[in-house]
Every structure is written in C-alpha cells, then in structure tokens.
Amino acid sequence: MASPDAPLLRALRGDRPERQPVWFMRQAGRSLPEYRELRVGTRMLDACLTPDLAAEITLQPVRRHDVDAAIFFSDIVVPLRLAGVAVEIEPGRGPVFAEPVRTAADVARVTSIDPADVAAAAEPIRDAVRLVVAELGDQVPLIGFAGAPFTLAAYLVEGGPSKEHLRARGMMHADPESWHRLAGWLAQVSRAFLAAQIDGGAQAVQLFDSWAGSLSRAAFLEYVAPHSRVALEGIDVPRIHFGVGTGPFLADMRLGGIADAVGVDWRMPLDEAAAIVGPDTTLQGNIDPALLGAPWPVLAAHVDDVLDRGRGARAHVLNLGHGVPPDTDPTVLTRIVARAHGDVE
C-alpha cells in the first residue's frame, strides 16, 4: 500500500510534493496494445468482473508510463450490473439497458433493489483491488472510481448513450419526486461501489460526472449536487470530483467542501479555475486530449502551460481534461509523464 507521502496523496491533501503527480483518466485500457491483446474474446463487463484480468489491466499503464497513480479498471455501470440491472456494453456504442427507467413505476421497480446488494456482490471488485495494491508499492496509490448519480441516471433513463440527455433532464422537472428517488438510490449504489474498492485498499476515489455539462447551474444545484454529495460523504480517503463542461458551476463541484480536489476539463485555464475554487481545493487536469496527436513541441509547450497555470492552485495533479482517446500513441503519454517529472526535454 502506498505511503501517505506518495506524491498523489500529498497533492490531494494540499501539499506540493517534489515530484509532480500525474495520471491519466482512461489510462487503463483502449490505447494500450497489451490491453487490446488481453481483451481478445472477453466482453467488457466480464473483464471488469474477473479479478486477475481487471487487476492486470489496471497495472499495465503504471508499468508502461511511470504514472503516480493507478485508476481501477472498471466501468461506471458495473455497480448497476452488480445490483442485478440488465445492462451490456455494446462495442462502438456503450452501455445499453434492456429496460430503461422512464416512469414512476420504472423508478419504483429499480429502486426497490437494496444498495446493500451491491456491496454483497462486489467481492470480485475487492479481490481485484487487493491484487493491484499488492503490486503497486509505496509510491503509487490506487484510485477507486464510480459514476456520479446524474451520469448513471442519464444512461438509465435514456436506455443508452445520448448527446443531450433530454429524457433524464426532463424527468427532473416533469416528475421531481421520481427523479430524487432515482438519483438518491444511485448515490447509494455509487457509494457502495466506492466502499468496496476502499475495502480492498484504494487510497483515493474519483466520482465521474461525465454528462454534468448538459445541466444548467440551477439544475445542478437542485437536482444533482445533493446526491453527488451523498455519494462522497463520509468517505475516509481523499475525494476527487470530475465533470465535463462544468465551468459554469465549477465552484459548486466542491460539493460544499466534500471534494478534496476538482477535475477541470480542457476548456478552462487552471489559473482561472484556481481563482474560482479558492485556496482549499486541489485542482486536477487539464491537458487537452485533442493535442495528444500534435507535434511534440506543440504538445510540450501546452503541457508546460498547464503546469505553470496549475501553480495558482493550492496543489495540482496533472491529468487530461477528459479521458485518453482510444487512438492515442502510448509513447506520447509516457513522454508527458517524463516531462512532468523533469526527466526529458
């Protein structure tokens, strides 16, 4: 298990370690040839629930890139599968639910499942986490993760991926009672999934709200933030809260101080973000994923600019402003890590 003095954990507490901590969202997975080779013949959710396979995939980018954290290889719909919800991940599309949750009766049906069932079914998750932690050493912690209630609800209500999440956003206003019942249940499901990872040895967690940018600030504050707060309240490891397109309510992503760190997407310079979130929150981000294919001098200058602007925050964890695109050259990620660590021009 990582030491409390590991660079990532220090940064999440608000310190500035000598080594700049860096990791990448979606570092475990699609961009690595060793991952694609390992996944041949195995469906995504089966891979997530096979402990030795999930552990190996989690460890691959740590070995290759020398990143300062592992992010547990899973998917945000895994806790729903553990709860008994019928979901599959279709290649090229994403999570697809056999029975979308669109009416009050649908909400009553799905929320009748006890979130404790997730904890009871999560032993493969705990086993995978234990395997990872046993190999990471004392300087690289494992980050556990879960989907935020809104993003999970967006998939459930739509029945699959959507660009604007109109049905989910519509439920908030058309039937707020059902919305809050569903989002409250999802908060407990996400919390149970995070707790299972912490039980196995995860030393930090990140709550992903990938689709929060489709919300107005007013909708976020009324219909989403209270439930995201519940998902993270009482968690006794550092907590990162990340969403895409959350600039209009970035300060609110702190969830009233529950989040130790806030992830920032590529749209907002980190010095501006630091002024918004204040002196008590670590920032994470925010290399533009679109620049990963740019000539190295262009990308290197961008990385340096992100690092410079990150000095405006109390502490900074270098990351992308979203996940690693699947066509990324892995050697570019390795080179970014080396530059952040001061090991390469």
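Please refer to the structure placed before this passage.
First, a word on what this report is: a plain description of the structure on this page. Everything quoted here is computed from the prediction, not taken from an experiment.

Our next topic: the overall build of the chain. A count of helical and extended segments in the chain gives 15 helices and nine strands. Against the 2.2 N^0.38 benchmark of 20 Å for 345 residues, the chain shows a C-alpha radius of gyration of 19 Å, consistent with a compact globule. The principal-axis extents of the C-alpha atoms in the chain amount to approximately 60 × 45 × 35 Å. The buried share among the 345 residues of the chain stands at 59%. Across the chain, the fraction of contacts at a sequence separation of at least 24, relative to all contacts at a separation of at least 6, is 72%. Here the chain contributes 32 positive and 44 negative side-chain charges, whose respective centroids are spaced 3 Å apart.

A complete count under the given rule lists six aromatic pairs for this structure. Note on F145 and F208: the rings are 5.3 Å apart at their centroids and 80 degrees apart in plane angle, and the pair reads as edge-to-face. Here F145 is found in strand β4 (residues 142-147), whereas its partner F208 is found in strand β5 (residues 204-209), with 63 residues between them in sequence. Judged by relative accessible area, which is 13%, F208 ranks as buried. Considering the side-chain rings of Y155 and W211, the 6.2 Å spacing of their centres and the 65 degrees angle between planes classify their relative orientation as edge-to-face. Within this pair, whereas Y155 is found in helix α9 (residues 149-158), its partner W211 is found in the loop between β5 and α12 (217-232), the two being separated by 56 residues in sequence. Clustering of aromatic rings is evident, with ring pairs tying together F145, F208 and F242.

Glancing now at unusual backbone geometry. Note the cis peptide between G285 and N286, where omega equals -15 degrees. Tracing the backbone shows N286 in strand β8 (residues 282-287). At D66, a residue that is not glycine, the phi angle is positive and equals roughly 65 degrees. Tracing the chain through its elements places D66 in the loop between α4 (51-65) and β1 (70-71). A positive phi is found at L255, a non-glycine position, where the angle reads about 55 degrees. Looking at where L255 falls in the secondary structure, it is placed in the loop between β6 (239-243) and β7 (261-263). Among the residues examined, L255 registers a relative accessible area of 5% and is labelled buried.

Now for the packing of helix α11 (residues 176-200) against α12. In contact at an axis separation of 8 Å, α11 and α12 are set at 25 degrees when each is read in the N-to-C sense. Our classification of the angle between α11 and α12 gives roughly parallel. Relative to α12, the crossing made by α11 is right-handed. Between α11 and α12, the residues in contact are P176, W179, H180, A183, G184, A187, Q188, S190, R191 and L194 and E222, Y223, H227, V230, A231 and L232, respectively. Here the residues of the contact of α11 with α12 sort into nine nonpolar, five polar and two charged.

Before going further, it helps to examine helix α13 (residues 270-277). Along α13, the residues that are buried comprise L270, A273, A274 and V277. Angular distribution of buried residues about the axis of α13 spans 105 degrees; they occupy a single face of the element. Structurally, α13 contributes buried residues whose contacts are with β8, α14 (296-310) and β9 (316-320). Where α13 ends, the next residue or the one after it, G278, has phi of about 90 degrees, a positive value.

Definitions and cut-offs
- Residues numbered from 1 in each chain as written.
- Predicted model: local features only at pLDDT ≥ 70, side-chain atom pairs only at ≥ 80, totals over all residues.
- Heavy atoms only, no water.
- Helix = DSSP H or I, 4+ residues; strand = E, 2+ residues; numbered from the N terminus.
- Rg over C-alpha atoms; globule rule 2.2 N^0.38 Å.
- Buried < 20%, exposed > 50% of the residue type's maximum accessible area, 1.4 Å probe, protein only.
- Contact = heavy atoms within 4.5 Å.
- Lys, Arg positive; Asp, Glu negative; His and termini not counted.
- Charge placed at Lys NZ, Arg CZ, Asp CG, Glu CD.
- Phe/Tyr/Trp six-rings, centres within 6.5 Å; stacked < 30°, edge-to-face > 60°.
- Axes fitted to C-alpha atoms, helices over the stretch in contact; angles between N-to-C directions.
- Parallel < 35°, antiparallel > 145°, perpendicular 65-115°, else oblique.
- Left-handed = near helix turned anticlockwise from the far one by under 90°.
- Nonpolar A, V, L, I, M, F, W, Y, C, P; charged D, E, K, R; others polar.
- Arc of directions from axis to C-beta.

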